[in-house]
Amino acid sequence: MENIALTIAGSDPSGGAGLQVDLKVFKEIGVFGMGVLTSLTVQNSKGVYQTYPLEKGAVFNQLQVLFDDFDIKAAKTGMLLKEYVIEEIYEVFKDKYTMLVVDPVLVSSSGKVLLEKQGIKLLKEKLFPITDILTPNIYEAEILSGLKIYTEKDIKKAGEILKSFGVKVVVIKGGHFKSGNKVIDYIFFDKSFIPIEYPRININDVHGTGCVLSSAITAYLALGYDFLKAIETARAFFQHKIQLVKMFGKGSFYFSL
Ligand code: PLP
């Protein structure tokens, strides 16, 4: 049986984020990667300039024929852009055993909307109840939980709120949270709250960080790791790779994958 991982994501033609970087991560970790496109972007290392949705039904149809044929162990979602894309993913995944990682991509660092406002409600109502691992950064956790996060206590409250939507494991990424020379990610798993600490790498403006971590988690799930081990191993992979980022263009740093 092959270890197949699937990404359901937007295209970043510059290869630093989205479906393109997810597939590179799958390859690097050693799983067979598949990719369902949700939308196109016009972007380079300086930012996202335009987004284009696919028409209704395109995501559902792509998913249906894949599941008809392949035994997909784990999947992740990234940029979804349209509310109807969430409906279509839900329709396919609601009765599947495939593990699902959701990176709740809302807005690009350059300020472009990557999920329309109506989509946020649907994420909570439809996608979260079938999500195994949710990986928000602090800003996404604020928007999705409706809480302002200033302290570690707020992070705990936000994590509990996100879990209450039906997500099995929530990983709130601490990269944007002031915690001195370390970064703490907060894992909410069953009844426990597990912080994992790493030295902070002081490189600003790295493109595709959320995509790389969530696709690495997905790859390790596809290899058969349990939830916690997949998250910890993916975080270690990320820590290694973020020390090797390069400037390929004139804007942000890219993972050298
Ligand atoms: N483009 C695509 C297709 C993405 O999925 C994302 C983030 O997930 C971005 C752009 C924005 O990436 P960043 O905010 O790291 O620049």
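In the block above lies the structure referred to throughout.
Residues numbered from 1 in each chain as written. Predicted model: local features only at pLDDT ≥ 70, side-chain atom pairs only at ≥ 80, totals over all residues. Heavy atoms only, no water.

Participant: What's the story with the packing of aromatic side chains in this structure? I'm lost.
Facilitator: A ring pair, where both rings are aromatic, is described by two values, the distance of the centres and the angle of the planes. For the structure shown, the criterion picks out 7 aromatic pairs. A ring pair is formed by F67 and F93, whose centres lie 5.3 Å apart and whose planes are at 85 degrees; its orientation type is edge-to-face. Residue F67 is found in helix α2 (residues 58–69), and its partner F93 is found in helix α3 (residues 83–93); the two are separated by 26 residues along the sequence. Each member of the pair, F67 as well as F93, is classed as buried. Taken together, the ring pairs connect Y186, F188 and F193 into an aromatic cluster. One cation-aromatic arrangement involves K96 over F67; the distance from NZ or CZ to the ring centre is 5.3 Å. (Phe/Tyr/Trp six-rings, centres within 6.5 Å; stacked < 30°, edge-to-face > 60°. Helix = DSSP H or I, 4+ residues; strand = E, 2+ residues; numbered from the N terminus. Buried < 20%, exposed > 50% of the residue type's maximum accessible area, 1.4 Å probe, protein only. Lys NZ or Arg CZ within 6 Å of the ring centre and 35° of its normal.)

Participant: How should I be thinking about the sheet that holds strand β8 (residues 182–189) in this particular structure?
Facilitator: One key point about sheets: their strands pair by backbone hydrogen bonds, in either a parallel or an antiparallel sense. Spatially, 9 strands are ordered β3-β2-β1-β4-β5-β6-β7-β8-β9 in an open sheet, and the strand pairing comes out mixed. Each end of this open sheet is capped by a strand with a single partner; those strands are β3 (47–53) and β9 (192–199). Note: strand β7 (residues 169–172) against β8, 4 bridges, orientation antiparallel. Paired with V170 across the strands is F188, a residue of β8. Contacts between helix α1 (residues 18–29) and the sheet are confined to β1 (4–11), β2 (32–44) and β4 (74–77), with β1 contributing the most and set at about 155 degrees to the helix. The strands that helix α6 (residues 152–164) touches are β6 (133–134), β7, β8 and β9; relative to β8, the one it contacts most, it runs at about 35 degrees. (Pairing = 2+ DSSP bridges. Contact = heavy atoms within 4.5 Å. Axes fitted to C-alpha atoms, helices over the stretch in contact; angles between N-to-C directions.)

Participant: Looking at this model, I keep getting lost on the site of the ligand. Mind explaining?
Facilitator: Surveying the vicinity of the ligand reveals 13 residues, the closest of which are Q43, S109, H207, G208 and C211. Measuring from an oxygen atom of the ligand, one finds a side-chain N or O atom of H207 at 2.7 Å. Residue G208 places a main-chain N or O atom 2.9 Å away from an oxygen atom belonging to the ligand. Taken by itself the ligand offers 390 Å² of open surface, and the protein chains cover 88% of this. Counted by class, the shell around the ligand contains 5 nonpolar, 8 polar and no charged residues. (Near = heavy atom within 4 Å. Polar contact = N/O pair within 3.5 Å; in protein donor to acceptor, adjacent residues only side chain to side chain. Areas by Shrake-Rupley, 256 points an atom, 1.4 Å probe, with all protein chains shown as cover. Nonpolar A, V, L, I, M, F, W, Y, C, P; charged D, E, K, R; others polar.)

Participant: Explanation requested: a nonpolar patch on the surface in the structure shown.
Facilitator: Judged by side-chain polarity, L40, V42, Y49 and Y52 come together as a nonpolar surface patch covering roughly 350 Å² of accessible area. Within the secondary structure, L40 is located in strand β2. (Patch = residues over 30% accessible without salt bridge, like charges linked within 9 Å, V, L, I, M, F, W, Y side chains within 5 Å. Salt bridge = Lys/Arg side-chain N within 4 Å of Asp/Glu carboxyl O.)

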